Amino acid sequence: MAATRVLTWIDRRFGALALWLLARPGRGFAWLVGLHMALWWLVLVASQPNLPLDVVEIYGWSQNPGWATHKLPPLTAWLFWLFDHAGLHWQPIAQLQAPLSWGLMAWAIWRLGLLVASPGRALLAVLLLEAVGQLTFAAALYNQNSVQLPFWALTALFVWQGLSGGRVLPWLLAGLCAALGMLGKYFIVFLLAALFLFLVFEPAARRAWRTPGPWLCALAGALLLTPHFLSVARDFDWQPFGYALERAEDAGHWSDHLLSPLSWLLAQAVGIADGL
């Protein structure tokens, strides 16, 4: 009974607002993204008079930005340098980076939703992001995790545009966004693997291999990533990959090779359960 009363209260207070948003999805999307970015930026400015340690480390790298660091890819340092100088070293400007990353991710998901579904469902997809902790609380902190978010969404968007429109430009943009995502955090390789499998096993998508699009996509990404990997090899002796391996736990028993992936999948399922 208590749960029913709570749901009834929510419906009475916010049901009309939800219907208004769904009836005007474009305007609702603009309000949602604008409010999200503004509120999270204000929360960061009010609650973080000093930058967190992860961000301080990025600040240190940004003082001498290059194509690689001894630990992580360089995109966060590049962007911090850009925002820090554009804002005349005023900290609240630097704290805009995470909300802006989220906003760009939401825009790409919105655009992809318009292509594959309806405006109402595209808005619902963006609304559901608010129910996933990794895309709200965790994404509010500027680091490698938040900076990679828009490039996951943009890569998927441009690949879909390349498949559905048959034009070369979206494929080139997909390659550049995939490379920028890699320069943010290497984890985007899992998205690239999934997209590759989709292009191989989906019959309609497989026909794209007969066009220049996927090959130009790979070439654009490789060209952008080449200076990074050359620097990683020449200047840092592959230390970033050693750092990643050091953080991984060794398997103590053969069963860990089964249980660890299952544990990871369970943790991801719990993380997105609210959105589902």
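This report concerns the structure included in the present document. (Residues numbered from 1 in each chain as written. Predicted model: local features only at pLDDT ≥ 70, side-chain atom pairs only at ≥ 80, totals over all residues. Heavy atoms only, no water.)

**Looking at the overall build of the protein chain**
In step 1: Tallying secondary structure elements over the protein chain gives 14 helices and zero strands in all.
In step 2: Order of helices (α) and strands (β) in the protein chain, N terminus to C terminus: α-α-α-α-α-α-α-α-α-α-α-α-α-α.
In step 3: In the protein chain, which comprises 276 residues, the share counted as buried stands at 36%.
In step 4: Contacts in the protein chain between residues at least 24 apart in sequence constitute 69% of all its contacts with a sequence separation of at least 6. (Helix = DSSP H or I, 4+ residues; strand = E, 2+ residues; numbered from the N terminus. Buried < 20%, exposed > 50% of the residue type's maximum accessible area, 1.4 Å probe, protein only. Contact = heavy atoms within 4.5 Å.)

**Let's talk about helix H10 (residues 189–201)**
In step 1: Counted at 1.5 Å a residue, the expected span for H10 with its 13 residues is 18 Å, and the 18 Å between its end C-alpha atoms agrees.
In step 2: In the core, the buried residues of H10 are packed alongside helix H8 (144–165), helix H9 (169–184) and helix H11 (203–206). (Expected span 1.5 Å × (residues − 1).)

**Some words on the nonpolar core**
In step 1: Core analysis: the biggest nonpolar cluster contains 50 residues, and Phe-29, Met-105, Ala-106, Val-126, Leu-129 and Leu-154 have the highest contact counts within it.
In step 2: Per-element accounting of this core gives the leading share, eight residues, to H8.
In step 3: Filtering out sequence-adjacent residues up to four positions away, Ala-106 remains in contact with Phe-29, Val-33, Val-126 and Leu-129. (Core = buried A, V, L, I, M, F, W, Y, C linked by side-chain atoms within 4.5 Å.)

**Focus: the side chain of Gln-48**
In step 1: With respect to the helices and strands, Gln-48 occurs in the loop between helix H2 (25–47) and helix H3 (53–62).
In step 2: When sequence neighbours within four positions are dropped, the list of residues in contact with Gln-48 reads Gln-91, Gln-95 and Leu-141.

**Some details on the pattern of salt bridges**
In step 1: Summed over the entire model, instances satisfying the criterion amount to two salt bridges.
In step 2: When the shortest N-O distance is used, the salt bridge between Glu-57 and Lys-71 registers 3.1 Å. With Glu-57 in helix H3 and Lys-71 in the loop between H3 and helix H4 (75–86), this residue pair connects regions lying 14 residues apart in the sequence.
In step 3: Note on Glu-57: relative accessible area 27%, which makes it partly exposed. (Salt bridge = Lys/Arg side-chain N within 4 Å of Asp/Glu carboxyl O.)

**Here we look at H3**
In step 1: Within H3 the residues assigned to the buried category are Val-55, Ile-58, Trp-61 and Ser-62. The buried residues of H3 occupy an angular sector of 110° when the element is viewed end-on, so they sit on one face.
In step 2: Those residues of H3 that are buried are in contact with H4 and H8. (Arc of directions from axis to C-beta.)

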